[in-house]
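If you want the building blocks of each chain, they are given just below.
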Amino acid sequence: MMARFHGEVGYADSVETPEGSGVWEDVITETNYYGDVIRNTRKTESGEGLNDDLTVGNSISIVADDYAIKHFFKIKYVNWAGTLWTVTNVEVRSPRLILHLGSVYNGPTP
């Protein structure tokens with residue numbers, strides 16, 4: 001039996017900073033989606049720090065709206081199980097998107 005998913009997906013738009021000095025930053029917007037957790041795995045990797053790095057090999061299938069289909073390349077993260085996870089790969093299987101997750105996301109949020 002597949003676990004259900006309901007959570008935010010973060011999209012990034014690169015915009016030039018107000019100074020206009022050629023510095024760009026990601027502005028994040030979030031949209032809520034429903035779907036299924038179709039793969040649920042985890043692994044640890046030895047990192048450079050004291051603790052091992054936690055990554056997941058999870059795949060989440062969301063029911064995509066028109067915006068998600070047209071802007072899938074802007075997807076940065078998914079809020080799943082109380083944590084923001086980096087989206088490492090997106091498969092377009094209209095009307096769904098399959099989001100493959102990796103490590104914990106530490107970038108900008110709205």
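Scroll up for the structure.
Quick notes on the rules
- Residues numbered from 1 in each chain as written.
- Predicted model: local features only at pLDDT ≥ 70, side-chain atom pairs only at ≥ 80, totals over all residues.
- Heavy atoms only, no water.
- Helix = DSSP H or I, 4+ residues; strand = E, 2+ residues; numbered from the N terminus.
- Buried < 20%, exposed > 50% of the residue type's maximum accessible area, 1.4 Å probe, protein only.
- Contact = heavy atoms within 4.5 Å.
- Areas by Shrake-Rupley, 256 points an atom, 1.4 Å probe, with all protein chains shown as cover.
- Pairing = 2+ DSSP bridges.
- Core = buried A, V, L, I, M, F, W, Y, C linked by side-chain atoms within 4.5 Å.

Q: Help me get a handle on the overall build of the protein, residues and values and all.
A: Per the secondary structure count, the protein includes one helix and eight strands. Secondary structure elements in the protein, listed N-terminal to C-terminal, are β-β-β-β-β-α-β-β-β. With 110 residues in all, the protein has 34% of them scored as buried. When contacts within the protein are restricted to residue pairs at least 6 apart in sequence, long-range pairs at least 24 apart make up 52% of them. Counting every atom, the protein has about 6800 Å² of accessible surface; 50% of that belongs to carbon and sulfur.

Q: Hey, could you go over the pairing of strand S8 (residues 96–104) for me, with residue numbers and the actual values?
A: Note that strand S5 (residues 59–63) and S8 share five bridges and pair antiparallel. When the sheet's bridge partners are listed, Ile-60 is paired in S8 with Leu-99. Counted along the chain from strand S7 (residues 83–93) to the antiparallel partner S8, the turn is two residues long.

Q: Can you explain the nonpolar core? Please cite residues and give values.
A: Formed by 19 residues in total, the largest nonpolar core has its most connected members in Val-9, Ile-60, Ile-62, Val-78, Leu-97 and Leu-99. Elements that contribute at least two residues to this core include exactly strand S1 (3–16), strand S2 (24–39), S5, strand S6 (75–80), S7 and S8.

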